[in-house]
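Working through the structure, step by step
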Amino acid sequence: MISERFLTHLIKPMIKRSLAMDPTDEPFMPAPKPGEKYMLYLHVPFCERLCPYCSFNRYPFREEVARPYFANLRREMLMLKDLGYDFESLYFGGGTPTIMLDELCETIDVARDAFSITEVGAETNPNHLVQPWLDKLSGRVQRLSVGVQSFDDGLLRQMDRYEKYGSGAEIMERIGEAVPYFDSLNVDMIFNFPSQTEDILFSDLEKIVTCGARQTTFSPLYVSAATTRKMAATLGAMDYDREFRFYRILDGVLAGGEQPFFERETIWTFNRLDAEGHHDDAVAINEYQTSYNEYPAIGSGSITHLNGCLYVNEFSIPAYNEAIESGRMALMGKTVMSKRDLMRYYFLLHLYRLRLDKQAFRREFGCSVEAGLPAEMAYLTLNGAFATNDHDELTLTLRGRYLVLVMYRLFLSGMNELRDQARAALTGEERHLLFGDGTPYS
């Protein structure tokens, strides 16, 4: 798709410039703004398998490393309380947050005692949709997102997930058993794997329709410079020319037609509809960054967005532990976003949610979206992206949804490049674990 290639050529260097990281010696994050509502992101970097495409901070699981890490995660969380923060929502990402059930439960319980928590979201893998995880997490976690990626056994083997997490049929069965334990169970899928065919995609979509989960996300595969070589060696080279075709298929199967199975909530998030076509308003979007413009993030390798800046925590677990145990936060890098960068971020985030309120944009930035982002508006208008473009709002056509998907994919890839900058400072064993073959040391 020519417009996708042009958009990539235009935006990728722009994102790289805007997300350049400088070192920082600031001991703490900024204090909260009066009256602002916040969620807290907590990063758990440990996994039983390191997926070849993943660019998040993650390490092979070792209990002797993970237990002190969780203790320091709780200490860092309470540092935010001392700064004056309160939180209504927690989100545990990874890695695999459920990898140590007792430590995760203790962290949630400490947070509920310290803050005004109304909901908790967490990510997990299919092998944890069993007892005792289901009983322990029920009531503590309201929104659980399970990383399935695909039900195809061949793809699962390529990703080194089949042996540990089970076959597609086994995962389907576990999802059905887990659904009643949570307010919302989200099945997290990926499309446009190099070896994925249309038949595999249709089969995955059929299983999503029948599995019973109330929500699904179908994000495109995106990588960083640090993971491209390893991913290509295991999954094959990326082919973005077919991405729009695949997106059109999944968008149409899930949310198209006169009686759709799901309703679009974002560019790639879909909430299930009942037989009468009604949706459940209680099913929240299981993507924390879409619900809060700014948020603190804690844990090794986490990225905070506060006061127009991005703060990056230490990627080295020993360095992270040392910082927290000395009584300061583990901030290692900072990116100061310009007003135009913040306008682009706001623009992208709200179009990702399928609608931009033009008057809210004006109140936020003191100018119209046309005046603030003339090139972006001209490009999307020229390419037929807007279903509505009037005094009050922007909404998207199918083509527009795909172009915003490309922009968001490029933004997330840019965030991965930011992580790569932090990872580049790692040495010794930690560097090998992330850049070597991923085999844990004995």
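Look a little higher up for the structure.
The sections below set out a description of the structure shown in this document. (Residues numbered from 1 in each chain as written. Predicted model: local features only at pLDDT ≥ 70, side-chain atom pairs only at ≥ 80, totals over all residues. Heavy atoms only, no water.)

**Remarks on helix H15 (residues 374-382)**
Within H15, burial applies to Glu-376, Met-377, Tyr-379 and Leu-380. Seen from one end, H15 has its buried residues packed into an arc of 165°, which puts them on one side. Along H15, the residues that are exposed and aim more than 90 degrees away from the buried face are Ala-375 and Leu-382. Backbone geometry just after H15 places Gly-384 at a positive phi near 65°. (Buried < 20%, exposed > 50% of the residue type's maximum accessible area, 1.4 Å probe, protein only. Helix = DSSP H or I, 4+ residues; strand = E, 2+ residues; numbered from the N terminus. Arc of directions from axis to C-beta.)

**With respect to the packing of helix H2 (residues 63-83) against helix H11 (residues 317-325)**
How two helices sit against one another is set out by the angle between their axes and by the gap between those axes. Relative orientation of the contacting elements H2 and H11 amounts to 45°, with a least axis distance of 10 Å. With respect to each other, H2 and H11 are oriented oblique. In this structure, H2 meets H11 at a crossing whose hand is left-handed. Residues Val-65, Pro-68, Tyr-69, Asn-72, Leu-73, Arg-75, Glu-76 and Met-79 of H2 touch H11, and the partners they reach there are Ile-317, Tyr-320, Asn-321, Ile-324 and Glu-325. Its residues placed into classes, the contact of H2 with H11 shows eight nonpolar, two polar and three charged. (Axes fitted to C-alpha atoms, helices over the stretch in contact; angles between N-to-C directions. Parallel < 35°, antiparallel > 145°, perpendicular 65-115°, else oblique. Left-handed = near helix turned anticlockwise from the far one by under 90°. Contact = heavy atoms within 4.5 Å. Nonpolar A, V, L, I, M, F, W, Y, C, P; charged D, E, K, R; others polar.)

**Notes on the pattern of salt bridges**
The full count for this structure, using the stated rule, is 18 salt bridges. In this structure, Arg-67 engages Glu-103 in a salt bridge whose closest nitrogen and oxygen atoms are separated by 2.9 Å. One end of the pair, Arg-67, is in helix H2; the other, Glu-103, is in helix H3 (residues 101-114), with 36 residues separating them in the sequence. For Arg-67, a relative accessible area of 29% corresponds to the partly exposed category. Ionic pairing is found between Glu-243 and Arg-409, a salt bridge with its closest N-O pair at 2.9 Å. Of this pair, Glu-243 sits in helix H10 (residues 243-255) while Arg-409 is found in helix H16 (residues 398-423), placing the two residues 166 residues apart along the sequence. Each member of the pair, Glu-243 together with Arg-409, is buried. (Salt bridge = Lys/Arg side-chain N within 4 Å of Asp/Glu carboxyl O.)

**What about the sheet that holds strand E11 (residues 269-272)?**
With mixed pairing, nine strands are arranged side by side in an open sheet as E10-E11-E9-E8-E7-E6-E5-E2-E12. Only two strands of the sheet have a single neighbouring strand rather than two, namely strand E10 (262-264) and strand E12 (297-298). Bridge count between strand E8 (residues 184-191) and strand E9 (residues 215-220): six bridges; the pairing is parallel. Pairing of Met-189 across the sheet is with Phe-218, part of E9. (Pairing = 2+ DSSP bridges.)

**Structural notes on the nonpolar core**
Ranked by size, the top nonpolar core spans 130 residues in total, and within it Ile-175, Val-187 and Phe-347 carry the most contacts. Here this core gets 13 residues from one element, more than from any other, and that element is H16. The residues contacting Ile-175, other than those within four sequence positions of it, are Leu-129, Val-148, Phe-151, Leu-185, Val-187, Cys-211 and Ala-213. (Core = buried A, V, L, I, M, F, W, Y, C linked by side-chain atoms within 4.5 Å.)

**Notes on the side chain of Gln-215**
Residue position: Gln-215 is located in strand E9. For Gln-215, the side chain forms a polar contact with the side chain of Asn-271, separated by 2.7 Å. (Polar contact = N/O pair within 3.5 Å; in protein donor to acceptor, adjacent residues only side chain to side chain.)

**Here's the deal with the environment of Pro-260**
By the secondary structure assignment, Pro-260 is in the loop between H10 and E10. The class for Pro-260 is partly exposed, based on a relative accessible area of 24%. With 15 residues separating them in the primary sequence, Pro-260 and Ala-275 have C-alpha atoms 9.5 Å apart. Not counting the four nearest positions on each side in its chain, Pro-260 is found in contact with Leu-254, Ala-255 and Leu-273.

**A short note on H16**
Along its 26 residues, H16 runs 37 Å from first to last C-alpha, staying within 8% of the 38 Å computed at 1.5 Å per residue. Counting buried residues in H16 gives 22 out of 26 residues, a clear majority hidden from the surface. (Expected span 1.5 Å × (residues − 1).)

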